[in-house]
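Breakdown of the fold
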Amino acid sequence: MSFDVPDTLNYRESHEWIDPETGRIGISDFAQDELGDIVFVEVPDVGEAIEAGEDFGVVESIKAVSDVYAPVSGEVTAVNERVFDEPELVNDDPYGDGWLLEVELADEGELDDLLSGSEYASQIE
Amino acid sequence: MALRTPPLHDRHEALDASFTDFGGWEMPVEFDSIRAEHEAVRTAAGIFDVSHMGEITVSGPDAERLTQRLTTNDVTALGPGDAQYSMITDERGVILDDTVVYRMPETAPSADAPGSDATFLFVPNAGHDAQMHERWTSHAEQWGLTADVVNVTDDYGMVAVQGPDATAMVAEATDADVLDLGRFEATYGTIAGASTWIARTGYTGEGGFELIFPADDAEAVWDAFDCQACGLGARDTLRMEMGFLLSGQDFDPTDQPRTPYEARVGFTVKLDTEFVGRDALEQQAEEGVDEKFVGFTLNERGVPRHGYELANEDGESIGVVTSGTMSPTLGEPIGLGYVETAYAEDGERIRVVVRGDTKQATITTPPFLEGY
């Protein structure tokens, strides 16, 4: 099975992505497939801070609870409230309507610690 | 230790299932999606490989006395072809396992028919077959009873065909007159050339059958049904909607020791029979229980999970969640667990502690779905 891995994004080994242009964060196509039917999403409120490498919320599928980890440090500037009522968006469109939150990066240098699309794609092969 | 694999393992791999270790067996947890599989069973039909369930046969002159003394229900009430839900308890009345006991017909259609020559065939949970074989054998010896107890788990495959369309599908697939079977009745029949024990039982709340057949015939029987392949994930959400117990999770002799009265399966206990644990259970029947198995619905966003704490409105601990999920049928979070008896009434407001957050819930006596 092959998974969608957009080149324009950066990835953590733990399967979160960040768009370096917008600071938008979500979980990868591979991650949503592994989790199965997602039924609950919990993320911090706007104004809260997240820290690179630390868990900032959870994504729950019918069968499992998974922490999600911050690819970068920063302040939350937007939260995708649609996924609270329609968590299946994370399954259906993990890089689009299923995004989780946006942050204002505290240190753009942290992006260098993340994987490129091709590096992440080879990790999940 | 290597996991045991069911005779349908190649079929599961061909369908690109994801797998899990369940009771020492490598079993399919999901084929397409738990939600899709669950919905197929509630609206049409689904087929589950349940070959991880054990099968033990008991025969010989004392087969009935032995099984009577090791299960809480009354096996003397069973006629040939009858099935019975029952508990296997220890001296304290604690449930070691739950099981279905079949009394087999006096004659089987062929020597390879499941349970042929046996008085009883019973079905322990996954990974409990060796333990239950040992329990029956050692107690027969201890009590001086003559019975032949055989662990036939690896000889047979077992599938469940469940859902509103399942009965018609099984009737179509066999020569046996299965439409006349009542709940918890069974008969021999042939399916795809396989000598099959066809039981009107299941674990989903839907109509349907559980089928036991020689392991070599497993693929032929599986292929005889053109319906949604379902894994253990959907089996779990379906049984939770009905409030059915899961061995090792809703009760466990070590981690969650519970008696049938606490687990709300007291209907399986016949105190006018002699069995291991009877005296302890008689005392509990007279005195009542401190905690009871309940269902609840979460009134806020979140998903209750095994091990979460249950509390009263003052925040005091009153119990524990043993199973929970987002109900695919209802689209609501539901859970099962034990609470102090004072909080066990339908409609009682309680709290569930979800990762440190206290969320409101309401006791809801299962099944969670109407019309079951």
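Residues numbered from 1 in each chain as written. Chains lettered and ligands numbered in written order. Predicted model: local features only at pLDDT ≥ 70, side-chain atom pairs only at ≥ 80, totals over all residues. Heavy atoms only, no water.

Residues and elements named next belong to chain B. An ideal rise of 1.5 Å per residue puts 21 Å on 15 residues; helix α4 (residues 129–143) measures up with 21 Å between its terminal C-alpha atoms. Taken residue by residue, α4 has Asp 129, Met 132, Arg 135, Trp 136, His 139 and Ala 140 as its buried positions. An end-on view of α4 places all buried positions within 125 degrees of arc, on one side of the element. In this structure, α4 carries Glu 141 and Gln 142 as exposed residues pointing more than 90 degrees from its buried face. Of the residues trailing α4, Gly 144 is marked for its positive phi of about 70 degrees. (Helix = DSSP H or I, 4+ residues; strand = E, 2+ residues; numbered from the N terminus. Expected span 1.5 Å × (residues − 1). Buried < 20%, exposed > 50% of the residue type's maximum accessible area, 1.4 Å probe, protein only. Arc of directions from axis to C-beta.)

What follows is about the pairing of strand β2 (residues 25–30) of chain B. All names here are of chain B. Counted residue by residue, β2 has five buried out of six residues, so it is predominantly covered. Note: strand β1 (residues 18–22) against β2, five bridges, orientation antiparallel. Residue pairing across strands places Asp 21 opposite Glu 26, the latter belonging to β2. Linking β1 back to β2 in an antiparallel pair, the connection comprises two residues, with Gly 23 at a positive phi of about 60 degrees. (Pairing = 2+ DSSP bridges.)

With that out of the way, let us pick up the environment of Gly96(A). Note on placement: Gly96(A) falls in the loop between α3 (88–92) and β9 (101–105). For Gly96(A) and Phe30(A), which are 66 residues apart along the polypeptide, the C-alpha to C-alpha distance reads 14 Å.

With 15 residues of chain A at the contact, the number on the chain B side is 16 residues. Summing both sides of the interface, chain A and chain B together bury roughly 1400 Å²; the carbon and sulfur share of this comes to 47%. Taken together, the links from chain A to chain B amount to five salt bridges. For Arg355(B), the salt bridge is made with Glu60(A), and the minimal N-O distance between the two is 2.9 Å. There are ten residue pairs in polar contact (both at pLDDT 80 or more) connecting chain A and chain B. Broken down by secondary-structure element, the contributors of at least two residues to the side of chain A that touches chain B are β4 (38–42) and β6 (55–61) of chain A. (Contact = heavy atoms within 4.5 Å. Buried area = accessible area lost by both parts, 1.4 Å probe. Salt bridge = Lys/Arg side-chain N within 4 Å of Asp/Glu carboxyl O. Polar contact = N/O pair within 3.5 Å; in protein donor to acceptor, adjacent residues only side chain to side chain.)

In this section: the nonpolar core. Counting residues in hydrophobic clusters, the biggest one holds 31 residues, and the most contacted among them are Phe48(B), Tyr102(B), Met104(B) and Trp197(B). For this core, the secondary structure elements donating two or more residues are β4 of chain A together with α2 (34–43), β6 (95–103), β7 (120–123), β9 (156–162), β10 (186–191), β11 (194–199) and α7 (232–242) of chain B. Sort the elements by how many residues they give to this core and β9(B) lands first, with three residues. Ignoring anything within four residues of it in the chain, the contact list for Met104(B) reads Pro80(B), Gly81(B), Pro114(B), Gly115(B), Ala118(B), Thr119(B), Phe120(B), Leu121(B), Tyr188(B) and Trp197(B). Counting residues in hydrophobic clusters, the runner-up holds 25 residues, among them Ile25(A), Val43(A), Phe56(A) and Val103(A). (Core = buried A, V, L, I, M, F, W, Y, C linked by side-chain atoms within 4.5 Å.)

Another aspect to go through is α7(B). All names here are of chain B. Burial of α7 is extensive: ten of the eleven residues sit out of reach of the surface. Buried residues of α7: Leu 232, Gly 233, Ala 234, Arg 235, Thr 237, Leu 238, Arg 239, Met 240, Glu 241 and Met 242, and no others. On its buried face, α7 is in contact with β1, β2, α2, β3 (46–49), β16 (317–326) and β17 (333–340).

A surface patch of negative charge is lined by Asp45(A), Glu48(A), Glu81(A) and Asp85(A). Structurally, Glu81(A) is set in the loop between β8 (74–79) and α2 (82–85). (Patch = residues over 30% accessible without salt bridge, like charges linked within 9 Å, V, L, I, M, F, W, Y side chains within 5 Å. Areas by Shrake-Rupley, 256 points an atom, 1.4 Å probe, with all protein chains shown as cover. Lys, Arg positive; Asp, Glu negative; His and termini not counted. Charge placed at Lys NZ, Arg CZ, Asp CG, Glu CD.)

Pairs can form between side chains of opposite charge once their charged atoms are near each other. Residue and element names in this part refer to chain B. With the rule as written, the count across this model stands at 24 salt bridges over all chains. For Arg 11, the salt bridge identified is with Glu 219, shortest N-O distance 3.3 Å. Here Arg 11, found in helix α1 (residues 9–14), pairs with Glu 219, found in helix α6 (residues 218–223); they are 208 residues apart in sequence, far enough to count as distant. Arg 11 sits in the partly exposed class, given a relative accessible area of 25%. Across the salt bridge formed by Glu 274 and Arg 278, the nearest N and O atoms sit 4.0 Å from each other.

Purely spatial values, then, with no claim about function.
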